[in-house]
Amino acid sequence: MRFDVLTLFPGMFSSPFQESILGRAIQKDLMDIRIINVRDFALDKHQVVDDTPYGGGQGMVMKVEPIARAIEWARSEDPSAWTIYLTPQGTPFDQEKARTLSSRSHLILLCGRYEGVDERAREMFINEEISIGDYVLTGGELAAMVMIDAVSRLLPGVLGSAQSAEDDSFTNALLEYPQYTRPFDFEGRCVPEILLSGNHAAIALWRRKEALKRTAARRPDLLAKARLTRKDEELLEEILRGGDRV
Ligand code: 4GX
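About the thresholds
Residues numbered from 1 in each chain as written. Predicted model: local features only at pLDDT ≥ 70, side-chain atom pairs only at ≥ 80, totals over all residues. Heavy atoms only, no water. Helix = DSSP H or I, 4+ residues; strand = E, 2+ residues; numbered from the N terminus. Rg over C-alpha atoms; globule rule 2.2 N^0.38 Å. Buried < 20%, exposed > 50% of the residue type's maximum accessible area, 1.4 Å probe, protein only. Contact = heavy atoms within 4.5 Å. Areas by Shrake-Rupley, 256 points an atom, 1.4 Å probe, with all protein chains shown as cover. Pairing = 2+ DSSP bridges. Axes fitted to C-alpha atoms, helices over the stretch in contact; angles between N-to-C directions. Near = heavy atom within 4 Å. Polar contact = N/O pair within 3.5 Å; in protein donor to acceptor, adjacent residues only side chain to side chain. Nonpolar A, V, L, I, M, F, W, Y, C, P; charged D, E, K, R; others polar. Patch = residues over 30% accessible without salt bridge, like charges linked within 9 Å, V, L, I, M, F, W, Y side chains within 5 Å. Salt bridge = Lys/Arg side-chain N within 4 Å of Asp/Glu carboxyl O. Phe/Tyr/Trp six-rings, centres within 6.5 Å; stacked < 30°, edge-to-face > 60°. Lys NZ or Arg CZ within 6 Å of the ring centre and 35° of its normal.

J.: I would appreciate a short explanation of the overall build of the chain in the present structure.
T.: Regarding its fold elements, the chain presents 8 helices and 9 strands. In terms of overall size, the chain is more extended than a compact globule, its C-alpha atoms giving a radius of gyration of 23 Å where 246 residues would be expected to give roughly 18 Å. Burial status across the chain gives 41% buried among its 246 residues. For the chain, contacts bridging at least 24 residues in sequence account for 75% of all contacts bridging at least 6. On the chain, roughly 14700 Å² of surface is accessible, and the fraction owed to carbon and sulfur atoms is 50%.

And the structure:
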């Protein structure tokens, strides 16, 4: 899968994709990320990429021509590329959207700065607008990194066989159960005994109950959407009745 990132701040991308899992995925040619400096597509001598808004008002707007030329260049070998603009006005990004996008072969991500891009750039070149959440960033770059990270870990071969995207939260619609590793006793706080029991069925049941408890307490919205089994309903009963602490 190819990601083309169009940005005025290419330096922001130098490290995050060279590390760890994504760095290895790129080395293995499972994916490719090209960072494209929109300024390189400005035609004038001073390579101007922004200008004041028509009608007045504060700040600057990204000009349409450099964006148009950069997107056309990125698309030139591959008309099937899907172009996304990161903006708080977009559709909220979630795991389902990550999964849908992971089946595409080529994404172009436009990162806006200042007061955003000229409306005609959105109308003429953008297939989809996506928001990573209801807060305001200084630009679309971090949003693009979040999206690339969430999408690329779903690509075949990116996660090792030890890890798996299949048992993540959200894939199962519940938050995950708590995890422990050594030492058994840290400053008097011990690992739940059941995890040392060797009883795999009992452990699975305990984990399911903890996941339900956590989801009920922190994300009742997810619990309402989850498909629960009879056993899950029973465990939830116990949680409510027993007043299990979260
Ligand atoms: N999820 N930002 C876009 C520029 C901008 C300003 C005004 C449109 C209108 C963001 C987010 C995000 C900051 C990216 C403002 N674009 N992107 N940028 N939340 O906050 O995706």
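J.: I keep staring at the sheet that holds strand β5 (residues 82-92) and nothing clicks. Help me out?
T.: Remark on secondary structure: sheet strands pair via backbone hydrogen bonds, oriented parallel or antiparallel. Pairing in this open sheet of 5 strands is parallel, and the strands run β2-β1-β6-β5-β7 from one edge to the other. For this open sheet the edge positions go to β2 (32-37) and β7 (128-131), each flanked by a neighbour on one side alone. Going across the sheet, the axis of each strand differs from the next one's by a mean of 30°, ignoring polarity. Relative to strand β6 (residues 106-111), β5 runs parallel, the two sharing 5 bridges. Note on β6: the bridge partner recorded for Trp82 is Leu107.

J.: What should I look at first to understand the site of the ligand in this one?
T.: Near the ligand, the surroundings consist of 19 residues, among which Tyr85, Ile132, Gly133, Tyr135 and Leu137 are the closest. A distance of 3.4 Å is found between an oxygen atom of the ligand and a backbone nitrogen or oxygen belonging to Thr87. Between the ligand and the protein, one listed contact pairs a nitrogen atom with a backbone N or O atom of Gly133 at 3.1 Å. Against a free-state accessible area of 460 Å², the protein chains account for coverage of 91% of the ligand. Secondary-structure elements contributing two or more residues to the shell around the ligand are β5 and β7. Class assignment for the residues of the shell around the ligand results in 10 nonpolar, 8 polar and 1 charged.

J.: Honestly, the side chain of Thr87 in this entry has me stumped. Any pointers?
T.: As for its position among the elements, Thr87 is in strand β5. Note on Thr87: relative accessible area 7%, which makes it buried. Residues in contact with Thr87, not counting those within four places in the same chain, are Arg122, Glu129, Ile130 and Ser131.

J.: When you look at a nonpolar patch on the surface in this model, what are you seeing that I'm missing?
T.: A surface patch of nonpolar side chains, about 520 Å² in accessible area, is lined by Phe9, Met12, Tyr114, Tyr135, Leu137 and Leu142. With respect to the helices, strands and loops of the structure, Tyr114 is situated in the loop between β6 and α4 (119-125).

J.: Would you mind going over the packing of aromatic side chains with me for this structure?
T.: How two aromatic rings sit relative to each other is given by the distance of their centres and the angle of their planes. For the structure shown, the criterion picks out 2 aromatic pairs. Ring centres of Phe13 and Phe17 lie 6.3 Å apart, and the angle between their planes is 25°; this geometry places the pair in the stacked category. Here Phe13 and Phe17 have matching classes, each one buried. Relative to Trp73, the ring of Phe41 lies with its centre 6.0 Å away and its plane at 50°, an arrangement referred to as tilted. Placement of the pair is Phe41 in the loop between β2 and β3 (50-51) and Trp73 in helix α2 (residues 64-75), with a sequence separation of 32 residues. The lysine or arginine in question, Arg104, covers the ring of Trp82, its NZ or CZ lying 4.0 Å from the ring centre.

J.: Any chance you could explain the environment of Thr7 here in plain terms?
T.: With respect to the helices and strands, Thr7 occurs in strand β1 (residues 2-7). Through-space distance from the C-alpha of Thr7 to that of Met31 is 19 Å; in sequence the pair is 24 residues apart. Engagement of the side chain of Thr7 in a polar contact is seen with the backbone nitrogen of Phe9, the distance being 2.8 Å.

J.: I tried to follow the pattern of salt bridges on my own but got confused; where do I start?
T.: This model, assessed by the stated rule, comprises 15 salt bridges. With its nearest N and O atoms 3.6 Å apart, the salt bridge here joins Arg2 to Glu77. Taken together, the residues Arg2 in strand β1 and Glu77 in the loop between α2 and β5 connect sequence positions 75 residues apart. Relative accessible area serves as the criterion here: at 23%, Arg2 is assigned to the partly exposed category. Note that Glu119 is salt-bridged to Arg122, the shortest N-O span being 3.7 Å. Of this pair, Glu119 and Arg122 both sit in helix α4, separated by 3 residues, roughly a single helical turn. Beyond isolated ion pairs, a larger network of salt bridges with shared partners links Arg2, Asp4, Asp32, Arg34 and Glu77.

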